[in-house]
Amino acid sequence: MVSAFAFAGFGDFANGYDLGDAVSDFKLQDVSGKQVSLSDFPDAKGIIVVFTCNTCPFALANEARILALDQKYKSKGFPVLAINPNSPELKAGEDFEAMQARAAAQGYTFPYLYDESHTVYSQFGATKTPHIYLLNREENELVVRYIGAIDNSVRDASTVTKRFVEQAVEALLNAEAVEPAITKAIGCSIKA
């Protein structure tokens, strides 16, 4: 198994959760106005946590793929939970109202949460949008089993040949090891 430390040079997650770490619960505001936390999903086998935003071209290029992941895996126990870590003071178009408009316009089927205090993304160690953390329920904890990109073609869905998150979820559903467990997240730097 490759350690996350070996990838520190990529600048993807110098600090934050590593493979095998149990994730602490958090509570963030959803675009619906309600507070959402990991503990709101007690029956989930795991959660696909996606750090994304409203304005990054890479995040926007992956939006349909994020929706597809939720549609494919929510019923199998792995829902998507999207989090916007960006500060509207640093990047226009990232405020809560813009998030609400984006979620409505695109028909998000998953919670889209605002990391207003910028603490959750730093706990995870996310540095890009999009940046994925696949959590697996083990005993009473959610444990990190995959970190990185959705697939191997961040810009163009038509050229994807490896679907990293899908492979990882399928491995967990079949009680198999996740390979690769770490890929390089490619996207815009988080503005916080």
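Predicted model, so just to flag it, every value in this text is computed and none were measured. (Residues numbered from 1 in each chain as written. Predicted model: local features only at pLDDT ≥ 70, side-chain atom pairs only at ≥ 80, totals over all residues. Heavy atoms only, no water.)

(A) Focus on the overall build of the protein. Each helix and strand counted, the protein has five helices and nine strands in total. Reading the secondary structure of the protein in the N-to-C direction produces β-β-β-α-α-β-α-β-α-β-β-β-α-β. Relative to the 2.2 N^0.38 estimate, which gives 16 Å for 192 residues, the radius of gyration of the protein is 15 Å and therefore close to what a compact globule would have. With respect to the three principal axes, the spread of C-alpha positions in the protein is 40 × 35 × 30 Å. If you take every contact in the protein between residues at least 6 apart in sequence, the share linking residues at least 24 apart comes to 75%. Taken as a whole, the protein presents about 8700 Å² of accessible surface, with 50% of it coming from carbon and sulfur. (Helix = DSSP H or I, 4+ residues; strand = E, 2+ residues; numbered from the N terminus. Rg over C-alpha atoms; globule rule 2.2 N^0.38 Å. Contact = heavy atoms within 4.5 Å. Areas by Shrake-Rupley, 256 points an atom, 1.4 Å probe, with all protein chains shown as cover.)

(B) Representation of the state of the cysteines. Under the criterion given, the structure shown has one disulfide. Between the sulfur of Cys 56 and that of Cys 188 lies a disulfide, 2.2 Å long from S to S. Linking Cys 56 and Cys 188, the disulfide has an S-S dihedral of approximately 85° and is accordingly described as right-handed. Within this pair, whereas Cys 56 is found in the loop between β3 (46-51) and α1 (57-61), its partner Cys 188 is found in strand β9 (residues 188-189), the two being separated by 132 residues in sequence. For Cys 56, a relative accessible area of 3% gives the class buried. In this structure Cys 188 comes out as buried when scored by relative accessible area, which is 17%. Here Cys 53 stays free of any disulfide, with the sulfur of Cys 56 as its closest cysteine sulfur at 4.9 Å. Assessed through its relative accessible area of 2%, Cys 53 is described here as buried. (Disulfide = S-S within 2.5 Å. Buried < 20%, exposed > 50% of the residue type's maximum accessible area, 1.4 Å probe, protein only.)

(C) Examining helix α2 (residues 63-73) more closely. Listing the buried residues of α2 in full gives Glu 63, Arg 65, Ile 66, Leu 67, Leu 69, Asp 70 and Tyr 73. The inward-facing, buried residues of α2 contact β3, α1, β4 (80-84), α3 (96-106) and α5 (164-173).

(D) Representation of the environment of Thr 183 within the structure. By the element assignment, Thr 183 lies in the loop between α5 and β9. Put simply, Thr 183 and Gly 148 are 35 residues apart on the chain and 4.6 Å apart in space, counted from C-alpha to C-alpha. Of the polar contacts made by the side chain of Thr 183, one reaches the backbone nitrogen of Ala 149; its length is 2.9 Å. (Polar contact = N/O pair within 3.5 Å; in protein donor to acceptor, adjacent residues only side chain to side chain.)

(E) Up close: the nonpolar core. Core analysis: the biggest nonpolar cluster contains 56 residues, and Phe 26, Ile 48, Phe 51, Phe 124, Tyr 133, Leu 135 and Tyr 146 have the highest contact counts within it. Element by element, the count of residues in this core is highest for α5, at six residues. For Phe 51, the residues in contact, after removing those within four places along its chain, are Ile 83, Pro 85, Val 120, Tyr 121, Phe 124, Ala 126, Lys 128, Thr 129, Pro 130, His 131 and Tyr 133. In terms of nonpolar packing, the next biggest core, distinct from the first, is built from six residues, Cys 53, Cys 56, Ala 59 and Cys 188 among them. (Core = buried A, V, L, I, M, F, W, Y, C linked by side-chain atoms within 4.5 Å.)

(F) Local environment of the sheet that holds strand β2 (residues 35-37). With respect to topology, seven strands assemble into an open sheet ordered β2-β1-β5-β4-β3-β7-β8, the strand pairing being mixed. Edge strands, defined here as strands with exactly one partner in the open sheet, are β2 and β8 (141-148). When strand polarity is set aside, the average angle formed by the axes of neighbouring strands in this sheet is 35°. Relative to β8, strand β7 (residues 131-138) is paired through seven bridges, and the arrangement is antiparallel. (Pairing = 2+ DSSP bridges. Axes fitted to C-alpha atoms, helices over the stretch in contact; angles between N-to-C directions.)

(G) The arrangement of the side chain of Arg 65 in detail. The residue Arg 65 is located in helix α2 in this model. Its relative accessible area of 10% is what places Arg 65 among the buried residues. At 2.7 Å, the side chain of Arg 65 and the backbone oxygen of Ser 153 are in polar contact. With residues near it in sequence (within four places) discarded, Arg 65 still touches Ile 150, Asp 151, Ser 153, Val 154, Arg 155, Asp 156, Ala 157 and Val 160.

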